[in-house]
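Descriptive structure summary
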Amino acid sequence: MKIVALEAIPFAIRYTKPLRFASGEVHTAEHVLVRVRTGDGVVGVAEAPPRPFTYGETQAGIVAVVEQIFAPQVVGLDLSEREVVGSRLARTVGNPTAKAAVDMAIWDAFGRTLGLPVSDLLGGFTDRLRAAHMLGFDEPAAMVAEAERMRECYGIGTFKVKVGRRPVALDTAVVRALREHFGDAVELYVDGNRGWTASESLRAMKEMADLDLLFAEELCPADDVLGRRWLVGQLDVPFIADESVPTAADATRELLAGAATAISIKTARTGFTGSQRVHHLAEGLGVEVVMGNQIDGQLGTVCTVNFGAAYQSTSRRAAELSNFLDMSDDLLAEPLQIRDGVLCRPPGAGLGVEIDRDKLAHYRTDR
Ligand code: MUC
Ligand code: MG
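Thresholds applied
Residues numbered from 1 in each chain as written. Chains lettered and ligands numbered in written order. Predicted model: local features only at pLDDT ≥ 70, side-chain atom pairs only at ≥ 80, totals over all residues. Heavy atoms only, no water. Phe/Tyr/Trp six-rings, centres within 6.5 Å; stacked < 30°, edge-to-face > 60°. Helix = DSSP H or I, 4+ residues; strand = E, 2+ residues; numbered from the N terminus. Buried < 20%, exposed > 50% of the residue type's maximum accessible area, 1.4 Å probe, protein only. Lys NZ or Arg CZ within 6 Å of the ring centre and 35° of its normal. Donors = N, O, S within 2.8 Å, 3.2 Å for Na, K, Ca; no water. 1 Å grid on protein atoms, 1.4 Å probe; cavity = no way out; pocket = protein on both sides within 12 Å on 5 of 7 lines; lining within 4 Å. Points joined across faces, edges and corners; volume = space filled by probe spheres on them. Nonpolar A, V, L, I, M, F, W, Y, C, P; charged D, E, K, R; others polar.

Description of the packing of aromatic side chains
Within this structure, the stated rule accounts for seven aromatic pairs. Centroid distance Trp107 to Phe110: 6.4 Å. Interplanar angle 80 degrees. Geometry classified as edge-to-face. Remark: Phe110 and Trp107 occur in helix α4 (residues 96–114); sequence separation between them is three residues, near one turn of the helix. Judged by its relative accessible area of 5%, Trp107 is buried. Classification of Phe110 as buried rests on a relative accessible area of 11%. The cationic tip of Lys162 hangs over the ring face of Phe21; the distance from NZ or CZ to the ring centre is 5.2 Å. The ring of Phe137 carries Arg165 above its face, with NZ or CZ at 4.4 Å from the centroid.

Next up, the structure:
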């Protein structure tokens, strides 16, 4: 079970429909496939989706840090020594997505070696999650039509609406149009990606007070320290911290400061080992969690469903699993299917998926 190689392969796949939100927009999935190989020939994989506008990581930066900084520290360790891997990678502050992908590729190889699904190794609570879909910025009618298509084609009934534009009425009009169109047949929540100030956020939430929102996520920056605490204290829905909590320590700080009352767990950001810590922390403190999406491809989505299905609290709410539906293609040999609003984790050992060699050869950008 000794790790003999750790590689990072950049690839690029176009989105059929770009996703736009307050902190950026995405047209092409310029992600990195991280691959770990053991002495007995087992291969584990994971996907790192860089979000330069959020964490400052880039595709080239992830390839460099994995191959030049992390690989020499990890090669020679055993798959079972995941805490040793974590402590070595933790010497580097930052690079959350690169670290997460290394961690998850090792878990995949570990599960394959033991012949067990990662989800069962983590907790084994269920084998499926309800899916939530993210609606990026557009006109109200286009966003309603997109939600309708997701409901018709995939049975999805929970929508996270991107907000954070100015004036706030641009976004509140969208949420109102969705509620008027669907009535109480759908669940709605909003994510501002830090686009508003605390006072704009409160005004918007008051305007939407009758729209039965489940949550509000990262409406204003966590660095607006007092403003954010002032806002969160006045809301009657949980306030989800997302990009403000890249580590369990950050989650602790935000929760104890009253700057958040729920946490988005993203395996793309905290891997499986770090996500376990965030999950246990949230459970111990008694706050809700939502499985988030860092605009992952199918491999990243498989990681989210393996983790989310492992525990009761991560499987309670609809999980953000559907961004891959907007990609023109993907790397998995067997594409994922969302049916009746539900995604099941693939049943095999490890993450339960295989990479299609031809697709990887086609989409990799390093050759
Ligand atoms: C989200 O929940 O914010 C957008 C930026 C990012 O890092 O993740 C996405 C979705
Ligand atoms: Mg978010």
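The structure having been displayed, the exposition proceeds.
Quick look at the coordination of the magnesium ion (ligand 2)
Note on the magnesium ion (ligand 2): its protein donors are Asp191 (OD), Glu217 (OE) and Asp242 (OD). The metal-donor distances range over 2.0 to 2.2 Å. Between consecutive donors of the magnesium ion (ligand 2), the numbers of intervening residues give the motif D-x25-E-x24-D. Note that Asp191 is positioned in strand β6 (residues 187–191) and Asp242 in the loop between β8 (239–241) and α10 (248–256), a separation of 51 residues in sequence. Taking the relative accessible area as the measure of exposure, Asp242 reaches 2% and is therefore buried.

A closer look at empty space enclosed by the protein
The tally for this structure, following the rule as stated, stands at five cavities of 30 Å³ or more. By volume, the largest cavity is sized at about 140 Å³. If you list the elements that add at least two residues to the lining of the largest cavity, you get β1 (3–21), α1 (52–55) and β5 (158–162). Per-element accounting of the lining of the largest cavity gives the leading share, three residues, to α1. Of the residues belonging to the lining of the largest cavity, the class tally is six nonpolar, five polar and eight charged.

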